[in-house]
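Geometric and topological summary
Below, each chain spelled out in residue letters.
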Amino acid sequence: MIREIFCTKFKEKSIKFKEGLNVILGDINGANSIGKSSALLAIDYVLGGETYRESEDIISNVQHHEVGVCFCFENLNFYFVHDTSIKDRVFKADENFNKLDETLSLDEYKNFLKEKYQLNMFDCSFRETVGLFMRIYGKGIVNETKPLHEIAHKNEECIIRLVKILDCYQNIHELKIRLNELKNRNDVYLKALKFNIINAPKNKNEERNINRRIDSLNKEIDLLVKELATQFISLDNEQIRIMLSIKEQLYRIQNQKIHSYSKIQRYQYNLDQSRQNSVVDLEKLKKFFPSIDVLEIEKINQFHKDISEIVSSDLETQLKDEKRRYERLEQKEVELLNSINPTVSDDSTINFAIQHLTSLQKELFELKDSVCCFEKKNLYIKEKSDANNLYKNSFQEILTKVQQNLNNHLVEYSRIIYGNDKAAPLITLFPNKYNFKTPNDKGTGAQYSGLLMFDLVMLSISRLPVICHDSFLLKNIEDQTIERILNLYTSFTKKQIFISFDKQNSYSDKTAQILNDNCVLRLAPDGRELYGKSWSRS
């Protein structure tokens, strides 16, 4: 648990926390810009979040500063200091929050928290677990009808995240990897067909026409072979031996030429792809993600450039080698064809027949190869479709169980808050979409109370150690409901809930008592703000 946050820039430099509910309490008039959200962002910051450090308002008005934190796990205290001017390092500290020489990378720090909070769910990072439930103004997207969305992720990514948090992901992880592999294989093969690196019929009709031509070629070749057999009677044994040897060599050389030509096309395509600009467009990235770490992206860009140069160099070498091989094969083919004339110079009919036979066999090989490529394409499509169906069906089976568990608890919490007077919010889960709503009630209060109930259910049924609710979520809910939600908050005694709240005198005495009993920080205008001032006022 978070035991304490320490910051010399705060008016109250030390904020001490406890298990259960922790309230950041504003003034009775509901004054804005006094630091309620900033205090919650500081909590998110010491839990590995970055919104606080990237806040232009905070840094421009307070300047870069340090935020210390004390965690308590199994009765042992662990002290750290975060410096807002340093993104990727966290300092270990002594009990007075003096920085020590030893530091952790941000990833090491988050892994430390993951271990201490015992979040050993399969393939689920610490921030994947807690980040979604730090619902604070200015951090990500807060949409009361989309409780699984923190930022503009695709629906499937959000649903997978939910399944990971509930530790149900491992069963479908391998299926997802297999599906992605087959999708990539299918995409590469279709691109190769599109750019004529591989030749194949475009549809079933074209395949049927090619198969008819293959049948016709087989008959024509059989007939020609029989005719040649009678023509060879006029040749002596040595001539026949030479002609059969030349025929066999030509067939082999022409097959090698076809494979060599396919390689040349493939190498050329890969070389063209490697030369395309594979780096990230920093200007577009900064437009949509102003807080992105440009230096890190530039390092990645340079890495891609270096790799691209190495790959391009290797491909150029392979392309040159294969072109030289193709030229040698062409030369050999010409030599073999020319060698036919002296052998059967006295019989131009045999000469023509052999050359025609060679041409037919070459066409037959190419057509058979194209049909094989068409069949392989259809096989790849079917395998991808089968893998997709298996993944979706297995995923849906898991989601149905998750959905039932969530909705059972949502119904239970709804009865605690509303009795039997109102329908409970319900979630419907599919592999690539979800719905969250209260049946027959689209009112603002119902939507926001549904979101808070969802978070409390997740806190109850998962290893999630902490949630955070800013005051704007609570302001949209009717007074009587607020009191019951606060009662629910106080029932969690082994985990931590952080909320901000104000206008406490506008609510019932019971509500005010809960808020005051669990208050860890009081904020107000006129020098009692989080930082001792409000930069929104002149």
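Everything numeric here is computed off the predicted structure, so don't read it as measured data.

Across the sheet, which stays open at both edges, the six strands sit in the order 2-1-4-5-6-7 with antiparallel pairing between neighbours. Strand pairing shows two members of the sheet lacking a second neighbour, strand 2 (14–16) and strand 7 (99–105), which therefore form its edges. Neighbour to neighbour, the strand axes of the sheet diverge by 25° on average, direction disregarded. The sheet contact formed by strand 1 (residues 2–6) and strand 4 (residues 66–73) spans four bridges and is antiparallel. Paired with isoleucine 5 across the two strands is valine 69, which belongs to strand 4. Where helix 4 (residues 106–116) meets the sheet, it contacts strand 4, strand 5 (76–83), strand 6 (89–93) and strand 7, and its direction lies at approximately 85° from that of strand 7.

A word on the sheet that holds strand 12 (residues 496–501). Here five strands make up an open sheet; going across it, the order is 8-11-12-3-13 and the pairing parallel. Unpaired on one side and paired on the other, strand 8 (134–135) and strand 13 (519–522) mark the two borders of the sheet. Inspection of the sheet shows strand 3 (residues 20–25) paired to strand 12 by six bridges, in the parallel sense. Opposite valine 23, over in strand 12, you have isoleucine 499 as the bridge partner. Packing against the sheet, helix 1 (residues 36–46) makes contact with strand 3, strand 8, strand 11 (466–469), strand 12 and strand 13, and its axis sits at approximately 160° to strand 12. Packed onto the sheet, helix 13 (residues 444–461) meets strand 8, strand 11 and strand 12 and runs at close to 165° relative to strand 11.

Turning to the packing of aromatic side chains, a few remarks are in order. Summed over all chains, the structure comprises 21 aromatic pairs. On the numbers, 5.2 Å between centres and 0° between planes, the contact of phenylalanine 6 with phenylalanine 97 is stacked. Note that phenylalanine 6 is positioned in strand 1 and phenylalanine 97 in the loop between strand 6 and strand 7, a separation of 91 residues in sequence. Note on phenylalanine 6: relative accessible area 24%, which makes it partly exposed. Phenylalanine 97 gets classed as buried once you look at its relative accessible area, which sits at 9%. Residues phenylalanine 78 and phenylalanine 112 carry aromatic rings whose centres are separated by 5.3 Å and whose planes lie at 65° to one another, so their mutual orientation is edge-to-face.

About the thresholds
- Residues numbered from 1 in each chain as written.
- Predicted model: local features only at pLDDT ≥ 70, side-chain atom pairs only at ≥ 80, totals over all residues.
- Heavy atoms only, no water.
- Pairing = 2+ DSSP bridges.
- Helix = DSSP H or I, 4+ residues; strand = E, 2+ residues; numbered from the N terminus.
- Axes fitted to C-alpha atoms, helices over the stretch in contact; angles between N-to-C directions.
- Contact = heavy atoms within 4.5 Å.
- Phe/Tyr/Trp six-rings, centres within 6.5 Å; stacked < 30°, edge-to-face > 60°.
- Buried < 20%, exposed > 50% of the residue type's maximum accessible area, 1.4 Å probe, protein only.

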